[in-house]
Amino acid sequence: MALILLLAYAFFYPLFMAYLWMVGAVHYYLHYERKDPPLNQPPTLDYPPLSVVVPCYNEEDNVRETLAYALALDYPDFEVIAVNDGSRDATGAILDELAAAHPRLRVVHQATNQGKAVGLNTALALARHEYLLCIDGDALLDPYAGKWLMRHFLTSPRVGAVTGNPRIRNRTTLLGRLQVGEFTAIIGLIKRAQRTYGRLFTVSGVITAFRKTAVYQAGYWSEDMLTEDIDISWKLQLKHWNVRFEPRALVWILMPETLRGLWKQRLRWAKGGTQALMRNAWVLRTWRHRHMWPVYSEYFLSVVWSYTMAGIIVYWLLSLVLGDWLPQMGTPLIPRWHGMVLGGTCMLQFMISKMMDSQYDAKLGKNYYWMVWYPLVYWLLNVCTTIVAFPQAVFRKKGKRARWVSPDRGVRA
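Model, not experiment: these values are computed from the prediction.

Calculation notes
- Residues numbered from 1 in each chain as written.
- Predicted model: local features only at pLDDT ≥ 70, side-chain atom pairs only at ≥ 80, totals over all residues.
- Heavy atoms only, no water.
- Core = buried A, V, L, I, M, F, W, Y, C linked by side-chain atoms within 4.5 Å.
- Buried < 20%, exposed > 50% of the residue type's maximum accessible area, 1.4 Å probe, protein only.
- Contact = heavy atoms within 4.5 Å.
- 1 Å grid on protein atoms, 1.4 Å probe; cavity = no way out; pocket = protein on both sides within 12 Å on 5 of 7 lines; lining within 4 Å.
- Points joined across faces, edges and corners; volume = space filled by probe spheres on them.
- Helix = DSSP H or I, 4+ residues; strand = E, 2+ residues; numbered from the N terminus.
- Nonpolar A, V, L, I, M, F, W, Y, C, P; charged D, E, K, R; others polar.
- Pairing = 2+ DSSP bridges.
- Phe/Tyr/Trp six-rings, centres within 6.5 Å; stacked < 30°, edge-to-face > 60°.

### Remarks on the nonpolar core
Most often, soluble globular proteins keep nonpolar side chains buried together rather than apart.
Phase 1: Among the nonpolar cores identified, the biggest contains 41 residues, and Leu50, Val52, Val80, Leu133, Leu141 and Ile207 are the most heavily contacted of them.
Phase 2: Leaving out residues up to four positions away in the same chain, leucine 50 has contacts with Leu73, Tyr75, Asp77, Phe78, Glu79, His129, Tyr131, Leu132, Leu133, Gly146 and Met150.
Phase 3: Ranked by size, the runner-up nonpolar core spans 25 residues in total, among them Val53, Val215, Trp221 and Trp241.

In structure tokens:
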């Protein structure tokens, strides 16, 4: 009986969530996105000054290009603040060279690696303007991204943060192509759906605009959280600030294209998500924060699903050895009818999200075929990282500084 329940949960949870996300995303598209003007025609508004913040650590290969795009922003009045967080390569020298040539650019050097959250808090204290647009050191901003993000602040005084739409620019390997589909069919779809249902689990760390007043009230970025983007999203929303998604605010990023790099990235994400679960569990006891219950439950149930899948795989392996004592079951790694249903649902997700995102990324169709591998590759990766991350996050020393680790930036096309 217990095995039947585990198998049922392993099948019905991702199936239910997939259709919940698709329905929410389609509603978002029809209610908001479809009515917007073309990408290169943002609304004509009285845009306030903006501070573009770029925390950097060992970004000598990317920082010139990143700042070239940031300085080319199509925006009436802005500054760019680059925070060199104790880089051990030539990042600091490159930033000083660029600052001498560009009056809009200010550079802050931190003597040692303090972590991204400290870099963001430093920039917040030094920024001249009320609104911050925070991007990563490898991110290439679309020229209109600032205006698309800022329109939300101008139309509602309760908007504390607006996250953009990251697009993958390295697509030369299978892992790169799978991540193109993932950012469309999973991440973009979920953010649209969560915006429909009321709250976002997280903004994107690679592109988000913030209202400085909201960040002050939320208590700044936490220096001990491995995923500062999840943490600040929760802190803002628990202070009753709105967090929104803007699909037209594009940024082009590099992602890992080695298994080792991908594992390290997803392990950090899983640890950060678990930290958020533990730190914010108290919201389930307060009616005042009931609007956060759905996103909390969604992530909690995804952790339960990972452990469920792990349990099924372990049971299957034991049944091969102890066949005389345990009932036999088919391998969970080879699709049967339930696997075909989930695989078909995954392809439907990508088809729907492709229709929404193709106006921003015209080459999405080339990656449709590769998405058939997504459930096998990324669901197994998600199970493994969750199993490893959960105990590490639980026993991680509270208050321990989350410092930078140079990521795998993949292979450029």
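After that view, the rundown keeps rolling.
### Topic: empty space enclosed by the protein
Phase 1: With the rule as written, the count across this model stands at one cavity of 30 Å³ or more.
Phase 2: The space that makes up the largest cavity amounts to roughly 70 Å³.
Phase 3: Considering the residues around the largest cavity, the lining is formed by Lys116, Leu120, Cys134, Val203, Ser204, Gly205, Thr208, Phe210, Trp221, Glu228, Asp229 and Ile232.
Phase 4: Elements with a minimum of two residues in the lining of the largest cavity: helix 4 (116-126), strand 7 (207-211) and helix 8 (228-238).
Phase 5: Residue classes in the lining of the largest cavity are distributed as six nonpolar, three polar and three charged.

### Re the pairing of strand 4 (residues 131-135)
Phase 1: The buried fraction of strand 4 amounts to five of the five residues, a majority that puts the element mostly inside the structure.
Phase 2: The two faces of strand 4 match: Tyr131, Leu133 and Ile135 on one face and Leu132 and Cys134 on the other face are all buried.
Phase 3: With four bridges joining them, strand 1 (residues 50-56) and strand 4 adopt parallel strand pairing. Looking across to strand 4, one finds that serine 51 is bridged to leucine 132.

### What to know about the packing of aromatic side chains
Phase 1: Applying the stated criterion across every chain, the model contains 13 aromatic pairs.
Phase 2: With 5.1 Å between their ring centres and 50 degrees between their planes, tyrosine 131 and phenylalanine 153 make a pair best called tilted. You can see tyrosine 131 sitting in strand 4 and its partner phenylalanine 153 sitting in helix 5 (residues 145-155), a full 22 residues away along the chain. This pair shows no difference in class: tyrosine 131 is buried, exactly as phenylalanine 153 is.
Phase 3: An aromatic cluster of three or more residues is present, and its members are Phe201, Trp234, Tyr296 and Tyr299.

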